[in-house]
Amino acid sequence: MTFSPKVWLEQAPPFRRRLLAWYDLHKRDLPWRETQDPYRIWLSEIMLQQTRVAAVIGHYQRFLQRFPTVEKLASAREASVLAAWSGLGYYRRARMLHAAAKKVGKEYGGKFPRTAAGLRELPGIGRYTSAAIASIAFGEPAAVVDGNVERVVQRLSGVPMVGESVWQAAETLLDSKCPGDFNQAMMELGATICTPRQPACLMCPVADFCVTRGELPLAEKAKRQHKRVVHYLLHREDDSVLLVQRGKEESLMPGMWELPEIQNPNGVHEELFTVRHSITVTDYRVRVLRGPVPEEIGGQRVAAVRLAKLPLTGLSRKILRKAEIL
Ligand code: SF4
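Throughout, a residue's number is its position along its own chain's written sequence, starting from 1. Local features in this predicted model are restricted to residues of pLDDT 70 or higher, and side-chain atom pairs are both shown and tallied only at a pLDDT of 80 or more, whereas totals for entire chains, interfaces and linings draw on every residue.

### Focus: the nonpolar core
Put simply, the rule is: By convention the nonpolar core is taken to be a set of buried residues drawn from Ala, Val, Leu, Ile, Met, Phe, Trp, Tyr and Cys and joined through C-beta atoms within 7 Å. The burial criterion counts other C-beta atoms lying within 10 Å of a residue's C-beta, which is placed from the backbone; the residue is buried at 20 or more, exposed at 12 or fewer, and partly exposed between these limits. In this text, helices come from DSSP runs of H or I with a minimum length of four residues, and strands from runs of E with a minimum of two, each type numbered from the N-terminal end. Working definition of a contact: two residues with C-beta atoms, positioned from the backbone, lying within 7 Å.
Of all hydrophobic cores here, the largest spans 63 residues; its most connected members are A131, I133, A134, A143, V145, V149 and A170. Here the element with the most residues in this core is helix α8 (residues 127–138); it accounts for eight residues. Setting aside its immediate chain neighbours within four residues, V149 contacts V144, A170, M186, M187 and G190. Listed in part, the 14 residues of the second largest apolar core include Y232, L234, I262 and L289.

Take a look at the structure:
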């Protein structure tokens, strides 16, 4: 039995049963899985953005000791929130968290909105996070797509789909009776079995439904060499832009400056626009995003007035021109 877009719907029910049974038995024991409190689930989702699970656990528990409820967080001073966040990096997340807690207190009487659409009205909550909270805390049948889910869906279907089509595929697969567990099971599968390199297909609970079993079919591989989607971050602050410099040893464009590439966008970024770019035999669809700067990027802020004199890659120059920065 294999998945294909045509039989996707028919095979979804047995797929769901198999995945959920596996998740029940094998899910990792994580503190945010012991609760349906939207505050706690929201906190875990924000902390997990660009941070590994193992690094989050201790911070999560300490933060909750300090701010056990959304009211406590809302009434705290920003300096205390930032101090409790210390060690997780990327403090904009903490500021947004604080702003959202205040909004929940002031505008929603201390209760979180119960739908993904409502949750998206809060600062720092995008499509992925709102669907995660709404499905886990409130049982709303809203699918999530992060890097793990995208990879699982691509491998199951054998189609290197991206963007909106992945969201649609995830919605089709979603178990509307247990959306929270289903979403977590898909992400867990991607994080522990269907890993980016060397997926453990022999241990995979849904291998019977999978077209690729770890390998994309040759025809699809060939296609992927000619078409690729990549994501670049356009992070602008005051009159500067965040850039990274390519290594001096890179075979392509060594030492040149470019916008940071985001390898696995997880729904926290917003798309500004796309550009097309071709290099030798590959056509790139370049999605330009704005939003949080992943910790690992580092980079350097460069004043916009200096950009013209900098050795920029052709693609970055194209993006900066389209954004009317250059
Ligand atoms: S069979 Fe392999 S490639 Fe397919 S979903 Fe399972 S782990 Fe991923």
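### Quick notes on the packing of helix α9 (residues 147–157) against helix α11 (residues 179–192)
Our working rule: Lines fitted to C-alpha atoms define the axes, with helix axes restricted to the stretch in contact, and inter-axis angles between N-to-C directions lie between 0 and 180 degrees. An angle counts as roughly parallel when it lies under 35 degrees, as roughly antiparallel when it exceeds 145, as roughly perpendicular when it falls between 65 and 115, and as oblique in every other case. Throughout this entry, Asp, Glu, Lys and Arg are counted as charged residues, while Ala, Val, Leu, Ile, Met, Phe, Trp, Tyr, Cys and Pro are counted as nonpolar. The remaining residues, Gly among them, count as polar.
Look at α9 against α11: their axes get within 8 Å of each other, and the N-to-C directions meet at 85 degrees. Taken together, α9 and α11 sit at an angle that is classed as roughly perpendicular. Between α9 and α11, the residues in contact are N148, V149, R151 and V152 and M186, M187, L189, G190 and A191, respectively. For the contact of α9 with α11, a count of residues per class yields six nonpolar, two polar and one charged.

### Some points on the site of the ligand
Formally: Only the C-beta atom, placed from the backbone, is used; a residue is near a molecule or strand if that atom lies within 6 Å of it.
Surrounding the ligand, one finds 14 residues, the nearest of these being C194, P199, C201, C204 and C210. Counted by class, the shell around the ligand contains 10 nonpolar, two polar and two charged residues.

### Observations regarding the confidence of the model for the protein chain
The cut-off we apply is this: Per residue, pLDDT captures the predictor's confidence, and it can take any value from 0 to 100.
Averaged over every residue, the pLDDT of the protein chain is 89; the share at 70 or more is 93%. Taken element by element, the predicted model of the protein chain shows its lowest mean pLDDT in helix α12 (residues 218–226) (53) and its highest in helix α4 (residues 70–75) (98). When the criterion is pLDDT under 50, residues 218–222 qualifies, and its contacts beyond four places in sequence or with other chains add up to three contacts.

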